[in-house]
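Inside the fold
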Amino acid sequence: MRILSHRCFHNTVLDRRKLKILTNMAYYLNIKFLAWRRDFKLSVGLRNKTVFLKGTLPQPPIEDPLHHHWLRCNQIVMSWIHHSVTPEIKSSIMFLDTSAEMWTELKSYFDQGIETSDSLVSKHPTTGHFLFYSITKSPINSNTPTQPVTTPQTPSNTTDGNIPANAPTDTTPTTVIADPKPVAAPATIPSTQDLDTLPKTLRQMDIDNAFLHGDLNEKVYKTLPKGYVHEGELPPNLFCLLHKSLYGLKQAYRQWFAKLSTTFLEHGFHQSAYDHSPFIKKSTTSFLALLVYVDDIVIANTNAAEATSFKAFLNSKFKLKDLGNLRFFLGLEIARSKVGMSASQRHFTIQILNETCLLGSKAISTPMDANLSLSKDVGPPVNDATSYCSLIGKLLFFTITQPNVACAVNRLSQYNSDPRQPHLKTAYRIIQYLKGTPGQGLMLYSNNISQLPVDRLFQLQAFSDADWGTCLDTRLPITGFCIFFRQSLISWKSKKQSNLSKSSAEAKYRSLANITCEIIWLHNILTDFSISSSQPTTIHCDNQAAIHISKNAVFHEGTKHVDIDCHIVREQVNKNHIKLSYVPSRHNITDMMTKALFPTQFKTLLSKMSVSNLYTPS
């Protein structure tokens, strides 16, 4: 056995290359997976590494001289698996520790194949032309459109992308609604981390084959999946009668979230009425909060026993995968300490630098040139508009953790229909700015209660601003606001207003209306977490005229045309829910959310935001 082990640990030049598999991994067809699995096993066996794949060679103790060699060979086989599967499957197995665990996970995933047999074949009693194959577990490709199947007697006609018009009719009404994905609002996540009783642990979980758990209430017919093989000759005009809500089906998101939310409510959770993705369970001894993003769940808890009991309950309902403490979530890198929690996108920053070939470029101190004026008609068009739109979409993802680039990315996203070279150059400048601070991200403080008076522990503080008439194409103002809970930034926005304003006071008054609506929503969310404050929320604004309009119910030439909905500011001021305060422009943090600034002012305002760089030496 010792000699055999040494042979397994022997590596050649061939082992250090990517493993080449002739058969591509398929998502959905068990038949193709069997072929891929055979090719992979043959290739691994050729390199004498099958024992790592099967797990028959246990890991030696750490004091064993072969321990280091075992770890290295295991990592080699894991890298072969990573390079042989699709990116979607790779993301679901990349956090497993051994190649044997990855191999077992792949087999369990694809063993849930298409269940078809002669007992599942039925003939329609009226037409006699349709055979229905019940698909219970196999998902379908959402990128593959459903093709209508017709009979010789009926012309091709489809009433819906999933239900052929000539399929057998049923008295039960069938509705297909394109539902939004069940995701938590961005502002809800930091609000959860800034609780008075900070969760002791934040754990991430993933549910395997989530959409397959959804109950399909309608009758939906589907053409036979491509690659399906049946012994013997099949009659024409075959359809599948779906028993489960599959991937790619329009009802999938709705049915899955209905199943998941019902399960949470049965366990005693309360669903927020203001953001349907958070679920909360409170008692005298514990607090448990869940944040749902489709099939990814983050658990925040103060009682480890309660969390363990809930995970056991959830695992009995679904196939649950515990990914451990929250460290990587939807592209965000999470780090926790006694001070608080940091969320950054360092890995994604390096990835986009490689894609744009700017890894060797010089870093820049600001994301946008303060002297630059962009317009839709200036400069030659870019060669590939699709690549520009893709780049802007990736930069929008950075605004989740770096609000300091929100203004620049918002400006560039307005030119997606006809991008020009100056727009592309500005986008590259943002990437060069990100290169200088790849680990910079949002910091959510938790250990700052003692630094604030008791009456301000749960008080929101906001900054509002608007840049009037700087857009050369539309002359629409740009609204910007930032909202802090204690010292943590939990909500921000940089967006062009939909109405023209006659003055800067009117533009900033509309901005105050936008931030007032956001504050009302945040108060409702915090109430669900049993957080409330008797003190009004302070909104800092750098325009005295807008503050006077909010306090004085006087209609005059400058305000009589303002929409009624903007006067929600005055209503909330009279109710003592908000309080307006003047702040000079040089101290208004939201100034960077509405316009490009020079380096000195940009760094001064950035230092007042809850943004930090964990990779900067202290």
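Predicted model only: the values in this text are computed from it and were never measured. (Residues numbered from 1 in each chain as written. Predicted model: local features only at pLDDT ≥ 70, side-chain atom pairs only at ≥ 80, totals over all residues. Heavy atoms only, no water.)

Remarks on the overall build of the chain
Counting its regular elements, the chain contains 17 helices and 20 strands. Within the chain, the fraction of its 618 residues that count as buried is 48%. Within the chain, counting contacts between residues at least 6 apart in sequence, those at least 24 apart form 72% of the total. Surface accessibility of the chain: about 30,200 Å² in total, with carbon and sulfur atoms responsible for 54%. (Helix = DSSP H or I, 4+ residues; strand = E, 2+ residues; numbered from the N terminus. Buried < 20%, exposed > 50% of the residue type's maximum accessible area, 1.4 Å probe, protein only. Contact = heavy atoms within 4.5 Å. Areas by Shrake-Rupley, 256 points an atom, 1.4 Å probe, with all protein chains shown as cover.)

Re the packing of helix α8 (residues 252–266) against helix α9 (residues 304–317)
The interhelical angle for the contact between α8 and α9, taken along N-to-C directions, is 140°, at an axis separation of 11 Å. When the axis of α8 is compared with that of α9, the two are oblique. Note on packing geometry: the crossing formed by α8 with α9 is right-handed. Judged by residue contacts, Thr263, Phe264 and Glu266 of α8 engage Phe310, Phe313, Leu314 and Lys317 from α9. Its residues assigned to classes, the contact of α8 with α9 shows four nonpolar, one polar and two charged. (Axes fitted to C-alpha atoms, helices over the stretch in contact; angles between N-to-C directions. Parallel < 35°, antiparallel > 145°, perpendicular 65-115°, else oblique. Left-handed = near helix turned anticlockwise from the far one by under 90°. Nonpolar A, V, L, I, M, F, W, Y, C, P; charged D, E, K, R; others polar.)

As for the pattern of salt bridges
Under the criterion given, the structure shown has 14 salt bridges. Residue Glu105 is joined to Lys321 by a salt bridge in which the shortest nitrogen-to-oxygen separation is 3.6 Å. One end of the pair, Glu105, is in helix α6 (residues 99–110); the other, Lys321, is in strand β10 (residues 320–325), and 216 residues separate them in sequence. No difference in accessibility class separates Glu105 from Lys321, as the two residues are buried. For Arg510, the salt bridge goes to Glu506, with nearest N and O atoms at 2.9 Å. (Salt bridge = Lys/Arg side-chain N within 4 Å of Asp/Glu carboxyl O.)

Observations concerning the sheet that holds strand β18 (residues 537–541)
Spatially, the five strands line up as an open sheet ordered β17-β16-β15-β18-β19, and their pairing is mixed. Strands at the two margins of the open sheet, each flanked by one partner only, are β17 (488–496) and β19 (578–582). In this sheet, adjacent strand axes meet at a mean angle of 20° when their direction is disregarded. Across eight bridges, the pairing between strand β15 (residues 460–467) and strand β16 (residues 478–485) is antiparallel. The partner of Leu460 across the bridge, within β16, is Phe485. Those strands touched by helix α14 (residues 504–528) are β15, β16, β17, β18 and β19, and its axis lies near 155° from that of β15. Of the strands in this sheet, β18 and β19 are in contact with helix α15 (residues 544–551), which crosses β19 at around 150°. (Pairing = 2+ DSSP bridges.)

Describing the side chain of Glu105
Under the relative-accessibility criterion, Glu105 is labelled buried at 16%. Not counting residues up to four positions away in its chain, the partners in contact with Glu105 are Ile93, Leu96, Asp208 and Lys321.

Concerning unusual backbone geometry
Despite not being glycine, Cys357 shows a phi value in the positive range, around 60°. The topology assignment puts Cys357 in the loop between α10 (346–355) and α11 (385–398). Classification of Cys357 by relative accessible area gives exposed; the value is 69%. If you check the backbone angles, Arg475 has positive phi at about 60° while not being a glycine. Within the element layout of this structure, Arg475 appears in the loop between β15 and β16. Looking at Arg475, the relative accessible area reads 43%, which means it is partly exposed.

Notes on the side chain of Arg47
By secondary structure assignment, the location of Arg47 is in the loop between α2 (30–46) and α3 (50–54). Given a relative accessible area of 14%, Arg47 falls into the buried group. Here the side chain of Arg47 touches Ser43 through a polar contact of 3.0 Å, landing on its backbone oxygen. (Polar contact = N/O pair within 3.5 Å; in protein donor to acceptor, adjacent residues only side chain to side chain.)

Notes on the confidence of the model for the chain
Looking at the chain, pLDDT values average 75 and 75% of them are 70 or higher. Throughout residues 1–5 the model reports pLDDT below 50, and contacts reaching past four residues in sequence, or to other chains, amount to four contacts. Predicted confidence is poor over residues 20–31, with pLDDT under 50, and the contacts of this stretch with residues over four places away or in other chains come to 39 contacts. (pLDDT = per-residue confidence, 0-100.)

Here's the deal with the packing of α11 against helix α13 (residues 421–436)
Where α11 meets α13, the closest approach of the two axes is 11 Å, and the angle between their N-to-C directions is 35°. You can see that α11 and α13 cross each other, and the crossing is left-handed. Across from Tyr388, Leu391, Ile392, Leu395 and Phe398 in α11, the residues of α13 making contact are His423, Leu424, Ala427, Tyr428, Ile430, Ile431 and Leu434. Here the contact of α11 with α13 is composed, by residue class, of 11 nonpolar, one polar and no charged.

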